[in-house]
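So you can see what is in the structure, the chains are spelled out below.
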Amino acid sequence: MTRTEYIQKKRAIVFSLSAITTLLFLAFLCVIAMAPDAASGTLIILTGFVLIIGSCVAVTLYGVWANRFQQELSLDGDEHA
Amino acid sequence: MLRSKSLLAVLFLLSAVGAAHAQSGDGSEPQFLAISIFVGFVLFSLFITYLAAKRTSSAQEFYAAGSGLTGFQNGLAIAGDWMSAATFLGMSGLVFIFGVDGIVYAVGAAISWPIIMFVLADRVRNLGKYTYVDVIAYRLQSTPVRILLSFSGLTIVFLYMIAQMLGAGALIQILFGLPYEYAVVLVGLLMTIYVGLGGMLATSWIQIIKAVILLFGGTLLLILTLNQFGFSFGAMLSGAVEQSPRGEGILNAGNLIKDPISAISLGLAFLFGPAGLPHILMRFFTVPNGRAARASVAYASIFIGYFQIVVFLIGLGAISLLFANGGFFDEDGALIGGANMTALHLSNLLGGELLLGVVSAVTFATILAVVAGLTLSAASVFSHDLYASVIANGEGNEKTEVQISRISTLVVGLIAIGLGLLFEKQNVAYMATLSLAVAASVNFVLLSLSLFWNGLTTRGAIVGGALGLLTAIGLVILSKPIWVDVFGNASPIYPYAHPTLFSMSVTIVFAVFVSVTDRSASAAKERSMFADQEAASEFAAPAE
């Protein structure tokens, strides 16, 4: 894998994950604003908790993936302060 | 000499806290305990500042703690920066009043961290030196970009700071019986000492300690709350419905946001606002590399997500427990001290004077730490972005820059005290909205465009950023909180509460349009530098 391929693949994943995060949260807010009766209070709370926990999991998994992906390119020695 | 005078001033004010308490004459145990814990925290934090000051002499140490923090330490410090008193007191109060609707704010406070992780963390760390402005100025013309972003950065920080100073003053007034003016001066003085002497190292460790005690304090309060319901979430919800005057209504959503435009605008502010806050972005320079920056966000996201769930459940439990106990309400049926006192009343109910004292002191420590982070980022705008990069054109010496930083800290402290006193009687709830809107509309948009689009030019960044900033401020002025509530007009010109959907759009459209139509030689040069910048942002090294 070349550096260009690395950047392009990482960029595609970053855009996809950011879009998914944005759409999920905006959909959650729009449902609450436009159709508040569509779900019970308990379901809304649980969906909120799933979004919070899901965001933590997504962040952690992305971090692990990014480290491994970086290792694939043998960049360990390249990244410096 | 300066340190001795600063410490003497703090000791004088601390003694004033005690004197005010004595004069209040109520001699109540919670106040005494809260003051003791609070004074203990202040003395300990001053000791940390003293140790940090001995290790802070270069600009790198002052702005970025020598980039010596680990990902875990920085994650805790980021969480400490983000978990403000507004999160703890404000959100528990919001859930107490609005019930299920409070989940919107709980999720909102956690949802930006994936965006920060995916889009910014390692790239900002690899490209910048001390502030996020370094990143945007990497291939664009430094002077105009830094002037614009200094303006937006200071707008964000001071708006954020006013809300914190007012919160601090009101909280100390309620908890300790200290006059508002004393409280504001005390907070201003302490933050000036923390930052002016200890720089980022002292600020970071104060954030870390505060985050740990806030997480422990919140967890303890939640365990005691859940214990009242036999650790059953269902029993807690049933109790809330039974005891709340709104009955089943407490489980109905849709009371806080009622239309899709407001929902999307609020959502964009939550998603992208934190990713443009200068004091959060500055934290990425305290770790040695991009990998540690990613680890910082991962840890911060876990701590913040956990805390949001804890605070939401505390608010939910408080509905049942406080309404079942009439002692916390005045004759009009309102919670004594307002909804923001929910967590404190609950502490008193569940843990008596001891827990109330602990939670009160933790809350105040929270405010101090957040204000210190804001002060450091404002001081860095003056000393690094304006003095060192614009006035000295990058040729000033480091010793002078650190001296300017310390003077800037003093100036920022004085401005913060002045603003705290000036806005004492104002309703400043809209300021938090505005600061997130400006952060999302200007800082985040320009950061993202500069990192991912080779077409961005200086001209596009300046026109788009300036118009986005003006749109955000203008729409907030034309909305109900200012146009009707402050200016006394009959109805607002801008009918929505949040400006972010429109202000972000303005920044993007004008930044892109002006950049695309920019045919200048400097624009061509800036576009050609994108490949180098992209490689540096990923690998901390230019393209091969």
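Residues numbered from 1 in each chain as written. Chains lettered and ligands numbered in written order. Predicted model: local features only at pLDDT ≥ 70, side-chain atom pairs only at ≥ 80, totals over all residues. Heavy atoms only, no water.

**Q** Can you help me understand the overall build of chain A in this one?
**A** Along chain A, the regular secondary structure elements total two helices and zero strands. The globule rule puts the C-alpha radius of gyration for 81 residues at 12 Å, and the 18 Å found for chain A is more than 25% above it. Here chain A holds 81 residues, and the buried ones make up 41% of them. In chain A, the 5 positive side-chain charges and the 6 negative ones have mean positions that sit 4 Å from each other. (Helix = DSSP H or I, 4+ residues; strand = E, 2+ residues; numbered from the N terminus. Rg over C-alpha atoms; globule rule 2.2 N^0.38 Å. Buried < 20%, exposed > 50% of the residue type's maximum accessible area, 1.4 Å probe, protein only. Lys, Arg positive; Asp, Glu negative; His and termini not counted. Charge placed at Lys NZ, Arg CZ, Asp CG, Glu CD.)

**Q** Any chance you could explain unusual backbone geometry here in plain terms?
**A** Both trends apply: most residues other than glycine have a negative phi, and most peptide bonds are in trans. Residues and elements named next belong to chain B. Backbone geometry at A65 places phi at a positive 50°, although glycine is not the residue there. Tracing the backbone shows A65 in the loop between α3 (59-64) and α4 (71-82). Under the relative-accessibility criterion, A65 is labelled buried at 12%. Of note in this structure, F231 is not a glycine but carries a positive phi near 55°.

**Q** Honestly, the interface of chain B and chain A in this entry has me stumped. Any pointers?
**A** Taken together, the contact between chain B and chain A spans 60 residues of the former and 47 residues of the latter. The contact between chain B and chain A buries some 4,500 Å² in all, and 73% of this surface belongs to carbon and sulfur atoms. Taken as a group, F118, R291 and F539 of chain B account for 18% of the area that chain B buries against chain A, more than any other trio of residues on that side. Summed over the shared surface of chain B and chain A, the number is three salt bridges. Notably, a salt bridge pairs E534 of chain B with R11 of chain A, separated by 2.7 Å at the nearest N-O pair. Listing elements by their share of the side of chain B that touches chain A, those giving two or more residues are α6 (103-127), α10 (233-243), α11 (260-272), α13 (290-323), α16 (429-452) and α21 (530-539) of chain B. Here the side of chain B that touches chain A gets 17 residues from one element, more than from any other, and that element is α6 of chain B. By residue class, the composition of the side of chain B that touches chain A is 40 nonpolar, nine polar and eleven charged. (Contact = heavy atoms within 4.5 Å. Buried area = accessible area lost by both parts, 1.4 Å probe. Salt bridge = Lys/Arg side-chain N within 4 Å of Asp/Glu carboxyl O. Nonpolar A, V, L, I, M, F, W, Y, C, P; charged D, E, K, R; others polar.)

**Q** I keep staring at the environment of Q70 of chain A and nothing clicks. Help me out?
**A** Residue and element names in this part refer to chain A. Mapped onto the fold, Q70 is located in helix α2 (residues 41-72). Taking relative accessible area as the criterion, Q70 reaches 1% and is therefore assigned buried. In sequence terms Q70 and L17 are 53 residues apart; their C-alpha atoms lie 18 Å from each other.

**Q** Would you explain the side chain of T192 of chain B in this entry?
**A** Residue and element names in this part refer to chain B. Looking at the element boundaries, T192 is found in helix α9 (residues 180-227). Of the polar contacts made by the side chain of T192, one reaches the backbone oxygen of G188; its length is 2.7 Å. T192 has contacts with L197, T409, L410 and G413, leaving out every residue within four places of it along the chain. (Polar contact = N/O pair within 3.5 Å; in protein donor to acceptor, adjacent residues only side chain to side chain.)

**Q** Would you explain the pattern of salt bridges in this entry?
**A** Pairing between side chains becomes possible if they bear opposite charge and their charged atoms approach one another. According to the stated counting rule, one finds eleven salt bridges over all chains in the structure shown. The partner of D122 of chain B in a salt bridge is R123 of chain B, and the shortest N-O contact between them spans 3.7 Å. With respect to class, D122 of chain B is no different from R123 of chain B; both count as buried. Across the salt bridge formed by R146 of chain B and D134 of chain B, the nearest N and O atoms sit 3.0 Å from each other. Of this pair, R146 of chain B sits in helix α8 (residues 142-176) while D134 of chain B sits in helix α7 (residues 133-136), and the two are twelve residues apart along the sequence. The structure contains a network of salt bridges with shared partners spanning K10 of chain A together with D122, R123, R294 and E538 of chain B.

**Q** Can you walk me through α4 of chain B in this structure?
**A** Given 3.6 residues to a turn, an α-helix orients residues that are three or four positions apart in the same direction. Residue and element names in this part refer to chain B. The end-to-end C-alpha distance of α4, which contains twelve residues, comes to 16 Å, matching closely the 16 Å that a straight helix rising 1.5 Å per residue would cover. Taken across its twelve residues, α4 has ten buried, putting it largely inside the fold. Those residues of α4 lying buried are G71, N74, G75, L76, A77, I78, A79, G80, D81 and W82. (Expected span 1.5 Å × (residues − 1).)

**Q** Any chance you could explain a nonpolar patch on the surface here in plain terms?
**A** Residue and element names in this part refer to chain B. Together, F44, F47, Y50 and L51 line one region of the surface with nonpolar side chains, adding up to about 390 Å² of accessible area. Among the secondary structure elements, Y50 is positioned in helix α2 (residues 29-54). Under the relative-accessibility criterion, Y50 is labelled partly exposed at 40%. (Patch = residues over 30% accessible without salt bridge, like charges linked within 9 Å, V, L, I, M, F, W, Y side chains within 5 Å. Areas by Shrake-Rupley, 256 points an atom, 1.4 Å probe, with all protein chains shown as cover.)

**Q** How should the packing of aromatic side chains be read in this particular structure?
**A** If you walk through the whole model with that rule in mind, you get 23 aromatic pairs over all chains. Ring centres of F49 of chain A and F312 of chain B lie 5.7 Å apart, and the angle between their planes is 90°; this geometry places the pair in the edge-to-face category. With F49 of chain A in helix α2 and F312 of chain B in helix α13, this residue pair bridges two chains. Relative to F487 of chain B, the ring of W483 of chain B lies with its centre 5.9 Å away and its plane at 75°, an arrangement referred to as edge-to-face. Judged by its relative accessible area of 49%, F487 of chain B is partly exposed. (Phe/Tyr/Trp six-rings, centres within 6.5 Å; stacked < 30°, edge-to-face > 60°.)

**Q** Looking at this structure, I do not really get the packing of α4 of chain B against α9 of chain B. What am I missing?
**A** Between two packed helices, both the angle of their axes relative to each other and the distance between the axes serve to describe the pair. Residues and elements named next belong to chain B. Contact geometry of α4 with α9 gives a least axis separation of 7 Å together with a crossing angle of 75°. In terms of orientation, α4 and α9 fall into the roughly perpendicular class. Contacts from Q73, L76, A77, G80 and D81 of α4 reach α9 at S204, W205, Q207, I208, K210, A211, V212 and L215. Counted by class, the contact of α4 with α9 contains seven nonpolar, four polar and two charged residues. (Axes fitted to C-alpha atoms, helices over the stretch in contact; angles between N-to-C directions. Parallel < 35°, antiparallel > 145°, perpendicular 65-115°, else oblique.)

**Q** Could you clarify how one ought to interpret the environment of A121 of chain B in this entry?
**A** All names here are of chain B. Mapped onto the elements, A121 comes out in helix α6. Each C-alpha atom of the pair A121 and R291 lies 8.9 Å from the other, and the pair is 170 residues apart in sequence. Once residues lying within four places of it in the same chain are set aside, the contact partners of A121 are I116, F284, A293, R294 and V297.

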